[in-house]
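Notes for the structure review
Here are the chains, one letter per residue:
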Amino acid sequence: MTTPPSSRGARQQRHQVIVDHVLARGDATVAELVELTGVSLMTVHRDIAELADRGILRKYHGGVSAQPSMVFESSSDFRLHAHADEKRALAHAALPFVAPGTSVMLDDSTSALALARLLPEVGPLTVVTNYRLITEELRGAEGIRLICVGGEYSRTHDSWIGLPAMDMIGGISVDLSVLSTSAMTAGMTFHQEQEIVSIKRATRQAGARSVLLMDHSKVGRRALHQLEGVDSFDHVLLTGPVDEELVREMRELTDVRVVETE
């Protein structure tokens, strides 16, 4: 039986409340979520199971957690809910790098998605992306010529990856590439998945200039695979707080700007 729209909307709203609560605190008990949402214990268990299946939260006996891990950091759903205010601030700071009449490649990061939402006010532009949510955001925007990178669809990332995507990106040259990744130190950027590293490298290399967007939670961390040196990016935009010594070391390599979050 199909869920009525009103019930579906209430469930989605409740899921958002649960995710925001758990992300803000790191974890929560089932009893805590029952009190928070005002629904039955059985309903909360169903909500937790669905959110865990989607890769947003991790279920354990008696509660749920949103502590980062390789799988959960990769999940598009998880990333959409993490540090949203900082990503909007980064997007506004990156917007001046986009000039009317130019071409821009956006990777499958939620930071690039935040920038995509601002691009219709800049057009005309050519935008290239492998991220489904960016194509949905821009497909009806006037003044935006949209080029979609195809390949193997990844449900985890909600984007197209693999050899066909690599081949297509390798044949494109744009004025500006905008991307983000999982972690960075003063001299190196990282991602936890080897296949995504290849896509992000190709994206960065496709641009005559490149901008890296990183919220503060990613700075001063490492992940499994090295992506590219910080000096490979023409501009690095960070949100604070970040270690001043680390920023000083980065600025010896490239242009680094610390963005304030409202």
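You'll find the structure just up there.
These numbers come from a predicted model, not from an experiment.

**What about the sheet that holds strand β3 (residues 63-65)?**
Adjacent strands of a sheet form backbone hydrogen bonds with each other and so pair up, either parallel or antiparallel. Ordered in space as β1-β3-β2, the three strands form an open sheet in which the pairing is antiparallel. Only two strands of the sheet have a single neighbouring strand rather than two, namely β1 (27-29) and β2 (58-60). With direction set aside, neighbouring strand axes in the sheet form an average angle of 20 degrees. Both β1 and β3 contribute to a ladder of three bridges, which runs antiparallel. Looking across to β3, one finds that threonine 29 is bridged to glycine 63.

**Points about the environment of methionine 184**
Along the chain, the position of methionine 184 falls in strand β10 (residues 183-184). Put simply, methionine 184 and lysine 218 are 34 residues apart on the chain and 6.3 Å apart in space, counted from C-alpha to C-alpha. Once you skip the residues sitting within four places of it in the chain, methionine 184 turns out to touch Thr189, Phe190, Leu212, Met214, Lys218, Val219, Gly220, Arg221, Val230, Val236, Leu238 and Met250.

**Looking at the pairing of strand β9 (residues 174-179)**
Consecutive residues of a regular strand have side chains that alternate between opposite faces of the sheet. Of all six residues making up β9, five are buried, and the element is well covered by its neighbours. Pairing geometry for strand β4 (residues 103-106) and β9, over three bridges, is parallel. Bridge assignment links methionine 105 to a residue of β9, and that residue is serine 177. With five bridges connecting them, β9 and strand β12 (residues 207-214) associate as parallel partners. Across the sheet, residue valine 178 finds its bridge partner in β12, namely valine 211.

**Side note on the nonpolar core**
In terms of nonpolar packing, the biggest core is built from 31 residues, with Leu106, Leu115, Leu119, Ile134, Val178 and Leu237 touching the most fellow members. Those elements that place two or more of their residues in this core are α6 (84-94), β4, α7 (110-116), β5 (125-129), α8 (132-138), β9 and β12. Ranked by residue count, the leading element in this core is α7, at five residues. Core analysis: the second largest hydrophobic core is formed by 15 residues, Ala186, Met214, Phe233 and Leu246 among them.

**Observations concerning the side chain of histidine 21**
Here histidine 21 lies in helix α1 (residues 5-25). Looking at histidine 21, the relative accessible area reads 11%, which means it is buried. For histidine 21, the side chain forms a polar contact with the side chain of glutamate 32, separated by 2.5 Å. Apart from the residues lying within four places of it in its own chain, the contact partners of histidine 21 are Ala28, Glu32, Leu33 and Leu36.

**Comments concerning helix α3 (residues 41-53)**
Taking 1.5 Å as the rise per residue, α3 with 13 residues should run 18 Å; its terminal C-alpha atoms sit 18 Å apart, in good agreement. Restricting attention to buried positions, one finds in α3 the residues Thr43, Val44, Asp47, Ile48 and Leu51. The buried side chains of α3 occupy one side of the element, clustering within an arc of 135 degrees when seen end-on. Residues of α3 that are exposed and point over 90 degrees away from its buried face: Met42 and Asp53.

What counts and what doesn't
- Residues numbered from 1 in each chain as written.
- Predicted model: local features only at pLDDT ≥ 70, side-chain atom pairs only at ≥ 80, totals over all residues.
- Heavy atoms only, no water.
- Pairing = 2+ DSSP bridges.
- Helix = DSSP H or I, 4+ residues; strand = E, 2+ residues; numbered from the N terminus.
- Axes fitted to C-alpha atoms, helices over the stretch in contact; angles between N-to-C directions.
- Contact = heavy atoms within 4.5 Å.
- Buried < 20%, exposed > 50% of the residue type's maximum accessible area, 1.4 Å probe, protein only.
- Core = buried A, V, L, I, M, F, W, Y, C linked by side-chain atoms within 4.5 Å.
- Polar contact = N/O pair within 3.5 Å; in protein donor to acceptor, adjacent residues only side chain to side chain.
- Expected span 1.5 Å × (residues − 1).
- Arc of directions from axis to C-beta.

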